[in-house]
Structure formats: structure tokens, C-alpha cells
Amino acid sequence: MNFVGEHILSVSQFDRADVDRVFQIADKMEPYANRQKITRVLQGAILSNMFFEASTRTRVSFGSAFNLLGGDVRETTGVSQSAIAKGESLRDFAKVMSGYSDVIAMRHSVAGSVAEFASASRSPVINGGDGENEHPSQALLDLYTIAKELASRDKTIDELRIAVVGDLKYGRAVHSLLKLLAVFDSVSVNLVSPPGLQTPPEIVELLQNQGHIVSTFERLEEGISAVDILYVTRTQEERFSSQEEADRYRGLFRVNEAIYTQHCEPNTVIMHPLPRDSRAAAQELSEDLDNNPNLAIFRQTDNGILIRMALFALVLDVTDRIEEHSSPVTWNTRIRTRDP
């Protein structure tokens, strides 16, 4: 993939070299994300952050990443706050908004809607999640986190053993991650879900056709043993036809310290795309794991800044000019990094 000026709509656009390229640029972003340096390489550029479905982490992460590169951010949140509520088509909306923007990050509740928008956009569009379909930047940050966590254990993504637990039917982060894993070698995937929330068969077939081992489980304890990564996701209740239907699945699989200690290997990394559902009826990832050093969920969110900075730099073709636009930090960053 050339990246420059391209839309980022699906992980299907990426081969292994593309993934490596994103990770290389993400590594270079650490001094800026960690507030050790400032860069203004995107000064004057405008990101339109258009999120027509609920979002906190992804929306703020995209905006923060763009700000850290020196750019400005304009926000549109919720369909009711946009001209779409007046009946404007996505294509008309795209033609207008892309004229105001140098790059657009977009989330929408309907699968395929971001691609439809991008087809009429005059500026690059990055998919921030479209219904139950895909979430490419989340998959990239998840895979980047996996790579970094495994590196500390002298392992790589090749020959990875991973268990993916929860709502695998509607979880777009899971869909994108599994598709992206397919470009690596000899991956073993345990798919752990209740009946009715299994992984779409085309994703299973993709992995199998690439020579990966895919096993399915309905019991949590059987599926999470002998893995390097335990990736847990919540029930995507917003995708169900009724709250009553969603409630039937909430809390079926709960990973807590006792289950982890009994059934997982000692160095198994715990991941979750967040938000985790901490309500009493859910608890798919218990807070009693918060002091476990293998819990990587907040390292994941930090890595999201690096990946999204890298995507902006690649799409807007500034990867070779970041350092020349850098300067020292002008405030006391120790205030930010102090432990609570």
C-alpha cells in the first residue's frame, strides 16, 4: 500500500509489509506521544473527527494523535447534530466535509457506511468503526500491543497462540484483528463464544485458508489455557434487536483473577479493546485483575495514540519531516506522569 492520500477502510488493504511499516513509524512517535518532544509537522492541517456512534477512546485518541502532530481538530458527534438528520446523503455530506478537511476520521453504526462516504470524499478517510463490520485502527493498535508484549517475552507474532473471548459475532475489533492476524505465520486461534455469537464463518475460513489453526469453544476454561494472549471483549449490546436479547448473553463469560490463575499460563497477556462492562451483571474482565502485571489494557490505549499518529503521518506524507519540525517540551511533564 502506498498510504499517501489513501483511505484506510479495512485491514484487508494491509499485507505484512504494510503492517511492519505502520509499526516502524509508530515506534518513531514515542518521544512525541510521551511528551519528550513536540512536533508541528501538521501545523495548519485539519482533521474532521466525525463520530455518528458513541465513542470516547477512539474519538479522543484520533484527536489527540492529530494534535500531537501539530494539527487542528474539528468534531462532529451524533447524527442529530449533523445535516444527515435533515436527510442529506452520505455522499453529499462527504463532498462538503472533505472540502473543509485534510483528513477525516469517521465512525458510523451501519456496516459499509464509511466506505460509501469515502467514495465521494476529496480527502483521505480513516474508518473509526462501521457497525459490526471493521475497526482497522483498533486492530493495528491491538496487534502492535501484541508485538510489544511478546517481544518482552522473546516471542513474535509468528506462532502466536491467542484466545479471543466473548461476542465474536458483532465485535468489529475482533473481526479486524483476526483478519490482520492472517498475514502472519503459524498462528493458533481459540475462538471462545456462546452459541449465537460465533465468529462469522468467512473470517474463520480466511484464517484456515492461510494455514492457521482455528479451534472453537463454548466453555471459557477450555479455551483460555495454553495461550500467549487472552483477548476478551464485551457483549455488543448496541447491535442486538432488543435489550432483552442482549441481556441473555451478558456475564456468560467472566475472567477474574481466580479463573486466570487456575487456567492460564503465568505470563499470558490479558487484553481488551475497551470499554469493559464493569456492571455487576457483566464483569467480562474483572477489576480484581487490575494489579496483575500481565493486564495490558491500558498499554493498549496508550499504543492507540502511536498507531493513529503513524497513520496520519503516512497518509499525509510527513514521515520524513517530523524531526525537522520538532522542539523541546515547554511544560513540566512530570506533573502528567506522576502516579495517582
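Residues numbered from 1 in each chain as written. Predicted model: local features only at pLDDT ≥ 70, side-chain atom pairs only at ≥ 80, totals over all residues. Heavy atoms only, no water.

A. Representation of the overall build of the chain. Of regular secondary structure, the chain possesses 13 helices and eleven strands. A globule of 340 residues ought to have a C-alpha radius of gyration of about 20 Å, and the chain, at 20 Å, matches this closely. When the backbone C-alpha atoms are referred to their principal axes, the chain occupies close to 55 × 45 × 40 Å. By residue count, 54% of the 340 residues in the chain fall in the buried class. Sequence separation of at least 24 residues holds for 76% of the intrachain contacts in the chain that already meet a minimum separation of 6. Here the chain has roughly 14900 Å² of accessible surface; of this, 46% comes from carbon and sulfur atoms. (Helix = DSSP H or I, 4+ residues; strand = E, 2+ residues; numbered from the N terminus. Rg over C-alpha atoms; globule rule 2.2 N^0.38 Å. Buried < 20%, exposed > 50% of the residue type's maximum accessible area, 1.4 Å probe, protein only. Contact = heavy atoms within 4.5 Å. Areas by Shrake-Rupley, 256 points an atom, 1.4 Å probe, with all protein chains shown as cover.)

B. Quick look at the packing of helix α6 (residues 136-151) against helix α7 (residues 172-181). Viewed as axis vectors pointing N to C, α6 and α7 meet at an angle of 60°, and their least axial separation amounts to 8 Å. Put simply, α6 runs oblique to α7. As α6 runs across α7, the sense of the crossing is right-handed. Of the residues in α7, those touching α6 at P136, Q138, A139, L140, D142, L143 and I146 are A173, S176, L177, L180 and L181. For the contact of α6 with α7, the class distribution of residues is nine nonpolar, two polar and one charged. (Axes fitted to C-alpha atoms, helices over the stretch in contact; angles between N-to-C directions. Parallel < 35°, antiparallel > 145°, perpendicular 65-115°, else oblique. Left-handed = near helix turned anticlockwise from the far one by under 90°. Nonpolar A, V, L, I, M, F, W, Y, C, P; charged D, E, K, R; others polar.)

C. Representation of the pairing of strand β6 (residues 161-165). Burial analysis of β6 places four of its five residues in the buried class, which makes it a mostly covered element. Strand direction decides the pairing type here: β6 and strand β7 (residues 188-192), joined by five bridges, are parallel. For R161, the partnering residue across the bridge sits in β7 and is S188. With α7 bridging β6 and its parallel neighbour β7, the resulting β-α-β unit is right-handed. (Pairing = 2+ DSSP bridges. Right-handed = clockwise from strand over helix to strand, strands pointing away.)

Taken by themselves, the reported measurements are silent on function.
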